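Each chain, letter by letter, is given below.
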Amino acid sequence: MSVESSAGTAQAVAGRRPADRGWLADVATSDAALRQVLHGLPGVDQVGAEARAASLATRSIKRDAKMLALDLAVRMVDLTTLEGADTPGKVRGLCAKAVRPDPADPDVPPVAAVCVYPDLVALAKAELAGSGVAVASVATAFPSGRASMTVKLADVADAADAGADEIDMVIDRGAFLAGRYAQVFQEIRAVREACGQAHLKVILETGELATLDNVSRASWLAMLAGADFIKTSTGKVSPAATAPVALVMLGAAADYERAAGRAVGVKVAGGVRTAKDAIRYLVLVKETAGPAWLTPSLFRIGASSLLNDLLMQRRKQLTGWYSGPDYFTVD
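Calculation notes
- Residues numbered from 1 in each chain as written.
- Predicted model: local features only at pLDDT ≥ 70, side-chain atom pairs only at ≥ 80, totals over all residues.
- Heavy atoms only, no water.
- Buried < 20%, exposed > 50% of the residue type's maximum accessible area, 1.4 Å probe, protein only.
- Helix = DSSP H or I, 4+ residues; strand = E, 2+ residues; numbered from the N terminus.
- Pairing = 2+ DSSP bridges.
- Right-handed = clockwise from strand over helix to strand, strands pointing away.
- Expected span 1.5 Å × (residues − 1).
- Salt bridge = Lys/Arg side-chain N within 4 Å of Asp/Glu carboxyl O.

## Observations regarding the pairing of strand β4 (residues 166–170)
So, point 1. With respect to burial, β4 is a largely interior element, 5 of its 5 residues being buried.
So, point 2. Both faces of β4 are covered, namely the face carrying E166, D168 and V170 and the face carrying I167 and M169.
So, point 3. Summarising the sheet, strand β3 (residues 134–138) and β4 pair through 3 bridges and their orientation is parallel. Each bridged residue has a counterpart across the sheet, and for S137 the counterpart in β4 is I167.
So, point 4. Remark: the β3/helix α8 (residues 149–161)/β4 crossover connection has right-handed handedness.
So, point 5. Relative to strand β5 (residues 199–203), β4 runs parallel, the two sharing 5 bridges.

## Some points on the environment of V248
So, point 1. Tracing the chain through its elements places V248 in helix α12 (residues 243–260).
So, point 2. Accessibility expressed as a relative area gives 1% for V248, which makes it buried.
So, point 3. Put simply, V248 and V44 are 204 residues apart on the chain and 8.0 Å apart in space, counted from C-alpha to C-alpha.

## A word on α12
So, point 1. Between its first and last C-alpha atoms α12 spans 25 Å; for 18 residues at 1.5 Å apiece the expected length is 26 Å, and the two agree.
So, point 2. Counting buried residues along α12, 15 of its 18 residues qualify, which places the element largely inside the surrounding structure.
So, point 3. A positive backbone phi angle near 75° is found at G261, which sits one or two residues after α12.

## Remarks on the pattern of salt bridges
Two side chains carrying opposite charge are able to pair once their charged atoms lie near each other.
So, point 1. Applying the stated criterion across every chain, the model contains 22 salt bridges.
So, point 2. Measuring nitrogen to oxygen at the nearest pair gives 2.8 Å for the salt bridge that ties K267 to D78. Within this pair, whereas K267 is found in strand β7 (residues 265–269), its partner D78 is found in strand β1 (residues 77–80), the two being separated by 189 residues in sequence.
So, point 3. Judged by its relative accessible area of 1%, K267 falls in the buried class.
So, point 4. With a closest N to O distance of 2.8 Å, R173 and E208 form a salt bridge. With a gap of 35 residues between them, R173 in helix α9 (residues 173–177) and E208 in the loop between β5 and α11 (212–224) connect regions that are remote in the sequence.
So, point 5. Taking relative accessible area as the criterion, E208 reaches 34% and is therefore assigned partly exposed.
So, point 6. Each member of the salt-bridge network shares a partner with another, and the members are D78, E166, D168, K201, K231, K267 and R300.

## Quick look at unusual backbone geometry
So, point 1. Residue F142 is joined to P143 through a cis peptide bond whose omega torsion reads 0°.
So, point 2. Assignment of secondary structure puts P143 in the loop between β3 and α8.
So, point 3. Cis geometry is found at the peptide bond from S238 to P239, where omega equals 0°.
So, point 4. Relative to the elements of secondary structure, P239 occurs in the loop between β6 (229–231) and α12.
So, point 5. A positive phi angle, near 50°, is found at E205, a position not held by glycine.

Take a look at the structure:
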């Protein structure tokens, strides 16, 4: 696939839009139909994608725009804790930081969301009530996705019933790599329905998909099945988010919007630790999907340690000197 466009596929899909329920029913029951669509995508030029991503990484932002970029990156953060040792106290602290990232500076905007396991959703929802910060929850046997559909849907129901605004599911990578596209499609559709009013983010776990062609196919599969966001990774597998992967996913999302008339967001997660990393992704978004994607409703960064570096860089812009990490809370 050209990293600039997959216009041929876009035109083909536009003639049979995903909103066409009859077509969705046909696709949902047919590996062959999905294979025809997904393998009909133009092949990804991996060398070209890597070169393009490397070129965009060299772009610089002028000083007067850097503060705007830092604030935008803060607003795009999904502040995340997904550890077995998570406690109610840790989640309360994370929620407080999400709403007021820097207690010494009320001008710092809140983050987009706090992301926790389903059993901590109700707590996070109560802590964030009235703040405008969303509560996201992982589900579907995160991070492996290795469970029956009954278990996966129960996981989603737990999160939705507790009040999650957003649900992050993981696809069955084994099924996808084996070519069982209809199974993956049907699972996403079932989870989409179980989410109710919650937005659905579909995690592709791109580090396990092996090729950029597979990243492109998985992106289209998730979008066709009803994803509100496509997400690079769980953060539990290496490599996680990479610039070439994000480039392909953003290009797919932009092409999908042209084809289907529906915008699907992109989330990068795992390995985004510094303000420099975040700003590079903002450049990538603008140059690949367009400036309209520079909003938390269409681009997110899943992170835990990133926020502190954004705050340090922000304070540097204001004062001219760096504040060390000891000046900010440890997440």
